[in-house]
Amino acid sequence: MDNPSAVIGTNSWGSAAYEKMIRGSVVDTETLRAAMGAAVRSGLLFVDSARDYGFGKGPKLIGECCPAEIKISSKYTPFTRYKPGQVRDSVSKDLADFGRESIDVYWLHMPNDIALYMEELIELHREGVIGSIGVSNFNLRECELAKSILDKAGIPLFGVQNHYSLIDREWEANGLLAWCRENGVQFWAWAVLEEGVLTGPKKQGEKFAIMKAIYGGKRKKLDRLFAAMQEVGDAHGMTIPQVAVCFVANKGIVPICGCRKPYQVEELAAAAGTRLADAEMTWLQEVADQLNVKVLGPDLFRFAVRK
């Protein structure tokens, strides 16, 4: 079973207008290809995608820019009630965009109609169209249900992909992370930088990006945490955002972090491979807990889960 140290997120891959709006800057396909070359050299061999990333252009860019060594994680988001063939159709579109015959890891992106969607995922797995099966934005009870369905089919639950960061560790507190460890299920964390909030204090001349603008007020409340992160980073040759990623990796969690440029890939690999002392981990947690600043919350998409 694949056990990556970190995963490259592609939610910011898209058209020039999309990238400018979301991240404040635009990169061309040659830069993305160079980033993927850096990923191969750094041993970061997974990218994470979904059909709607970049308003549909993200998966196409993966096909254009990722060499064969790069493995792909993708997702189906069940916004509607289950209809037979929905997942198969989404997978087929992914495969066409990726230029692949199979997808290495495939996730059910939301806990709607779990049993019905899982059965279709099981069919696709048995056909070899998708490899490992995971779930995303599931709580503990929903993870247990998904695992029980897969267990009956003789297929392991590969992983759980939920939000987790230095300032939002709810899935650790409520037992889901411990359950994953007890059952050999990987935990992949998205938004480990809290949409840019954990990149550090706002810098003069910083480019406008819609996500940073939305949550920018939160950054002002985290100066004391940033100071602690800076001190830890200085001790290990890391920046503040690298410390945020490193903290997650030191928890035994796989951080997913958006990368579009070679240096970002190299910094992600370095952060994921750095070990912090127990005292440093405890200090960062204590400061974060004292400030109690929340940005995305542990279960951002719960509103879209049907009763």
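Check the entry above for the structure.
The structure displayed is predicted, hence computed values, not measured ones.

*Asks:* Can you break down the environment of Leu300 residue by residue, with the values?
*Replies:* Examined against the element boundaries, Leu300 turns out to sit in the segment after α13 (278-291). Among the residues examined, Leu300 registers a relative accessible area of 32% and is labelled partly exposed. Distance in space between the C-alpha atoms of Leu300 and Glu64 is 31 Å, their sequence separation being 236 residues.

*Asks:* Account for unusual backbone geometry, with residues named and values stated.
*Replies:* Negative phi is the rule for most residues except glycine; trans is the rule for most peptide bonds. One non-glycine residue with positive phi stands out, namely Asn137, at about 65 degrees. The residue Asn137 is located in the loop between β5 (130-136) and α6 (140-152) in this model. With a phi close to 55 degrees, Ala191 is a non-glycine residue in the positive phi region.

*Asks:* Which residues make up the sheet that holds strand β6 (residues 157-163), and what values do they have?
*Replies:* Reading around the circumference, β1-β2-β3-β4-β5-β6-β7-β8 is the order of the 8 strands in this closed barrel, with parallel pairing throughout. Strand-to-strand, the axes of this sheet are offset by a mean angle of 30 degrees, without reference to chain direction. As judged from the 5 bridges shared by strand β4 (residues 103-108) and β5, these two strands associate in the parallel manner. Paired with Val105 across the bridge in β5 is Ser132.

*Asks:* Before we move on, can you summarise the pairing of β4 with the specific residues and values?
*Replies:* Counted residue by residue, β4 has 5 buried out of 6 residues, so it is predominantly covered. Bridge count between strand β3 (residues 71-76) and β4: 4 bridges; the pairing is parallel. Directly across from Tyr76, in β4, lies its bridge partner Leu108. With helix α5 (residues 114-126) bridging β4 and the parallel β5, this β-α-β connection has right-handed handedness.

*Asks:* Describe the packing of aromatic side chains, and please don't skip the residues or the numbers.
*Replies:* Following the criterion strictly, the structure yields 9 aromatic pairs and no others. A centroid spacing of 5.5 Å and a plane angle of 40 degrees characterise the contact between Tyr76 and Tyr117, whose relative ring orientation is tilted. One end of the pair, Tyr76, is in strand β3; the other, Tyr117, is in helix α5, and 41 residues separate them in sequence. With relative accessibility at 0%, the residue Tyr117 sits in the buried group. Each ring, one from Phe158 and one from Trp188, has its centre 5.7 Å from the other, and the planes form 80 degrees; the classification is edge-to-face. Within this pair, whereas Phe158 is found in strand β6, its partner Trp188 is found in strand β7 (residues 186-190), the two being separated by 30 residues in sequence. Across this residue pair, the class does not change: Phe158 and Trp188 are buried.

*Asks:* Please give an account of the environment of Val129 that cites residues and values.
*Replies:* Its location among the elements puts Val129 in the loop between α5 and β5. Take Val129: its relative accessible area is 17%, and that puts it in the buried class. Separated by 57 residues in sequence, Val129 and Ile72 place their C-alpha atoms 12 Å apart. For Val129, the contacting residues outside a window of four places in its chain are Val91, Leu95, Glu101, Ser102, Ile103 and Leu124.

*Asks:* Now, about the side chain of Asn112: what can you tell me, with residues and values included?
*Replies:* On the secondary structure map, Asn112 appears in the loop between β4 and α5. Here Asn112 falls in the buried class, since its relative accessible area comes to 2%. Ignoring any residue separated from it by four or fewer positions in sequence, one finds Asn112 in contact with Pro78, Tyr117, Ala304, Val305 and Arg306.

Rules of the game
- For every chain, the first residue of the written sequence is number 1, and numbering continues from 1 onward in sequence order.
- The predicted origin of the model limits local features to residues at a pLDDT of at least 70 and limits the giving and counting of side-chain atom pairs to 80 or more, whereas totals for whole chains, interfaces and linings rest on all residues.
- Only heavy atoms go into the side-chain values, all of them from the structure, while hydrogens and water stay out.
- The way it works is that DSSP assigns letters per residue, a run of H or I at least four long becomes a helix, a run of E at least two long becomes a strand, and they are numbered from the N terminus.
- Burial classes: relative accessible area under 20% of the type maximum marks a residue as buried, over 50% as exposed, and values in between as partly exposed (1.4 Å probe, protein chains only).
- Strand pairing is assigned whenever DSSP detects at least two bridges linking the two strands.
- Angles shown run from 0 to 180 degrees and are taken between the N-to-C directions of axes, each axis being a line fitted to C-alpha atoms and, for helices, limited to the stretch in contact.
- Handedness of a crossover: with both strands directed away from the viewer, a clockwise path from the first strand across the helix to the second marks it as right-handed.
- For this analysis, a ring pair means two rings from Phe, Tyr or Trp (six-membered ring only for Trp) whose centres lie within 6.5 Å, classed as stacked if their planes differ by under 30 degrees, edge-to-face if by over 60, and tilted for the remaining angles.
- Any two residues having at least one pair of non-hydrogen atoms within 4.5 Å are treated as being in contact.

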